Amino acid sequence: MKHRHSSLRRGSMATCLLLVLCLVWVAIPWAAAQDAPAATFTVNSTNDVNDGACDATHCSLREAISAANAAAGSDTIAFNIAGAGVKTLSPTSELPAITGPTIIDGLTQPGATCAAWPPTLLIVLNGAMVGPSTPGLQVTTGASTVRGLVVNGWWDDYGIVIDGTGNRVECSFLGTNAAGTAATPNSVGVGIVGGGSNNIGGNLAGTRNLISGNTGDGAYLTNGVSNNAVYGNYIGTDVNGSLDLGNGNSGVAFSNASSNTVGLPNPSSRNVIAGNNNTGIVFSNGSNNNSVVANYIGLNAAGTAAVPNNVAGVFINNGAGNIIGDSSAPARNIISGNENQGVLIFGPSSGNFVRGNTIGLDPAGAVAIPNQGSGVRLASGATLNVIGGSVDAARNIISGNDNEGVLIHEAGTNNNTVERNYIGVAADGVTARPNAYLGVALATAAGNQVLDNVISGNLSGGVAISAAGADNNVVQGNKIGVGADGVTAVGNGTSPIEGGGGPGVGIFQGDGNQIGGLAAGDANIVAYNGGNGLQVQEGVGNRIRGNSVHSNGALGIDLDYDGVTPNDPLDPDTGGNLLQNFPTLTSASVGGGVSVAGTINTTPSTAIKIDVYGNATCDPSGNGEGATHLGEIAITTNGSGDSPFAATFPVSPGGFWLTATATDPAGNTSEFSACRALGCYLDFNGNGRVDVQDIMQVAARWNNPGAYNATYDVAPPFGSPIDIFDLIAVAEQWNALCPTFEG
């Protein structure tokens, strides 16, 4: 139906004496137009002649569009051009815009079909003969469909441009030859510049578009358009989805366009967006609340090999609330094989979500198809973005990339969250698929949170905090160097740096960062890394508390990256964490709990927190790691900087050795102390090892209050009759040798 011009409506209403009569007058022609019978206009000529009529004798596309515009109702433009093979229509000037609901159906040309992919398309609309700034098809209405066309050669404008609502473009080639194997570029394949609820593609192979070979963007959405969907297409590849036939700029570009979607959460609606000379998808100029789901970005259609987008898979450059992926398996994007980053977010972008994606691996999450830069990079002041989420379903797998897994850097790139991801491991959570550099890097970035991730298997290290301004970041609840099960060794830092293996967590420069904590869920597991478990080279106030640190290639905690730093009287020195002195343990025993005593000398009249840890073994340096946090002791040093301490903790020690750290009020945590042996508290018969006789001695007192002896009460709950937990504690150390020195 043709829309009545607004000035006529205003003039008519001015003549109405009664509002009711006016409404009836307006409604009657509207209803008549809606009910008007649809007409079909058949193009039967390739020429561009317009003699004012579209009939069986002669009908060009120009004449058919004009006739459809003049007719009431929803019309169809069909094709029946004599002769076999591809028919090329080459207008010599701008075609009329489509102003009423119309189906332009190239599949009506005899021999054309979209029943299978690749389709056979026989109608080409080529713009080589028009002047500059001339688009191909202009749809300025709603409820129209463009189907079964090859639209190419519109060298200075859009192949198809839509300014309306509820339109569709399907089973068409935009920017290629009729075979879909070579570029015949438009400037932009398809643009949506007004309206909304338009669909580019569909969820069947027969509705897929090939949008490739254009000199600019494949699809471009702008001017505040919303609720449009681009899905089921090949964008930047050849017709088979396997070879690079990239658009000269981005595959899909949004500029001031919000609440649109690229892909829908099922495999049949997947876009393959690959081979484009800039980004796969870009959001800019305030493009907000868009979603990107279920796409292959940087891969071929089979998901088996890279067809790189040249800058990034997805680039958010000034956008908020956009969602890349989602918390369901069908919505997962595979963002792999790109020339640089998988996902790139620049400030002032904020509040975006990257969740549920596989970034750097194949669709099964097993084989590396690396992005050649970082898996995810946040920069230039991007804030409050979330990589992953608070539930397991939001997990990204960010592994196999040629640089960092996640890079957050540059001043102002603050308060972002990296949560519950697998970074450096396969989808099974225990098989290394290394990022070639670090798992997570925070550089000149403050207030970011790295929470509850598996960060393991990365070649240069797990987490690195570096450069001035990398302050007040939080690293808690992560498994760093172990698999998702918390046990399997998948160490970081196996590629030597600076003469040694990389650390689990390295603070190379930064103040006030928190690694772990004493609240439930705060502790990191930091184990099996090639170098130090944790190190602080430059920076102060970095709290390292409550973590499980064991089985690393060097020290558990290393300040200044120079091995064990000896204590000095009154602790006046400077360096990483001010080279805070560590405690000295003087006694340790087990029986009704773990009892420990010791001393510390540090800054006079200072409140200090002593954290005590249990370990199965002592580090070869003689200064331990800290596998099991047993508890804390609060003390205050006297005017000479001295304080004794003692406590009994109602826990199992986790092994035969104790160590401790000290943390001052500013958050400077020391290295681990020298080990102190608990003695062979499970060797009840004194033969130097834990054996079946020791187990039998505990079993003899099992569940017998009258036979209670604190010597055999080695596991909580303490003070109770000897129970199954005590028996298990001894059995777990069966055949273990006793320590050979007392610290």
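Residues numbered from 1 in each chain as written. Predicted model: local features only at pLDDT ≥ 70, side-chain atom pairs only at ≥ 80, totals over all residues. Heavy atoms only, no water.

As a further point, take the sheet that holds strand S52 (residues 628-636). Across the sheet, four strands lie side by side as S52-S51-S54-S55; this open sheet has antiparallel pairing. In the strand order of this sheet, the two ends are held by S52 and strand S55 (676-677), each with one partner. Here seven bridges tie strand S51 (residues 607-615) to strand S54 (residues 657-663), and the two strands are oriented antiparallel to one another. Bridge pairing links Tyr613 to Thr659 in S54. (Pairing = 2+ DSSP bridges. Helix = DSSP H or I, 4+ residues; strand = E, 2+ residues; numbered from the N terminus.)

With that settled, the discussion passes to the sheet that holds strand S50 (residues 594-601). Across the sheet, which stays open at both edges, the three strands sit in the order S49-S50-S53 with antiparallel pairing between neighbours. Strands at the two margins of the open sheet, each flanked by one partner only, are strand S49 (584-590) and strand S53 (642-649). Strand-to-strand, the axes of this sheet are offset by a mean angle of 10°, without reference to chain direction. Sheet analysis places S50 next to S53, joined by eight bridges and oriented antiparallel. Bridged to Gly598 within S53 is Phe645. (Axes fitted to C-alpha atoms, helices over the stretch in contact; angles between N-to-C directions.)

Formed by 87 residues in total, the largest nonpolar core has its most connected members in Leu61, Ile77, Phe79, Leu137, Ile160, Val252 and Ile281. Among the elements that take part in this core, helix H3 (residues 61-70) stands out by supplying five residues, more than any other. Those residues in contact with Leu61 that lie beyond four places of it in its chain are Val43, Ile77, Phe79, Leu89, Leu95 and Leu125. Counting 37 residues, the second-largest nonpolar core is a separate cluster that includes Ile600, Val612, Trp657 and Tyr712. (Core = buried A, V, L, I, M, F, W, Y, C linked by side-chain atoms within 4.5 Å. Buried < 20%, exposed > 50% of the residue type's maximum accessible area, 1.4 Å probe, protein only. Contact = heavy atoms within 4.5 Å.)

Here we come to the pattern of salt bridges. Per the stated rule, a full pass over the model turns up ten salt bridges. Salt-bridge contacts for Arg168 lead to Glu170; the nearest nitrogen and oxygen are separated by 3.1 Å. Taking relative accessible area as the criterion, Arg168 reaches 25% and is therefore assigned partly exposed. A residue is classified by how much of its surface remains accessible, and Glu170, at 8% relative accessible area, is buried. Across the pair Asp392 and Arg395 runs a salt bridge whose closest N-O atoms are separated by 3.6 Å. Judged by its relative accessible area of 22%, Arg395 falls in the partly exposed class. Each of Asp105, Arg147, Arg168 and Glu170 takes part in one network of salt bridges that share partners. (Salt bridge = Lys/Arg side-chain N within 4 Å of Asp/Glu carboxyl O.)

So, on to the packing of helix H4 (residues 692-699) against helix H5 (residues 724-732). Where H4 contacts H5, the axes come no closer than 9 Å and their chain directions differ by 175°. The angle between H4 and H5 falls in the class roughly antiparallel. Each of Asp694, Ile695, Val698 and Ala699 in H4 lies in contact with H5, whose residues at this interface are Asp726, Leu727, Val730 and Ala731. Each residue belonging to the contact of H4 with H5 can be placed in one class, and the counts come to six nonpolar, no polar and two charged. (Parallel < 35°, antiparallel > 145°, perpendicular 65-115°, else oblique. Nonpolar A, V, L, I, M, F, W, Y, C, P; charged D, E, K, R; others polar.)

Residues at a pLDDT of 70 or more form 94% of the chain, whose mean pLDDT is 92. For the chain, per-element mean pLDDT is lowest for helix H2 (residues 19-34), which scores 29, and highest for strand S11 (residues 173-174), which scores 99. Throughout residues 1-35 the model reports pLDDT below 50, and contacts reaching past four residues in sequence, or to other chains, amount to 22 contacts. (pLDDT = per-residue confidence, 0-100.)

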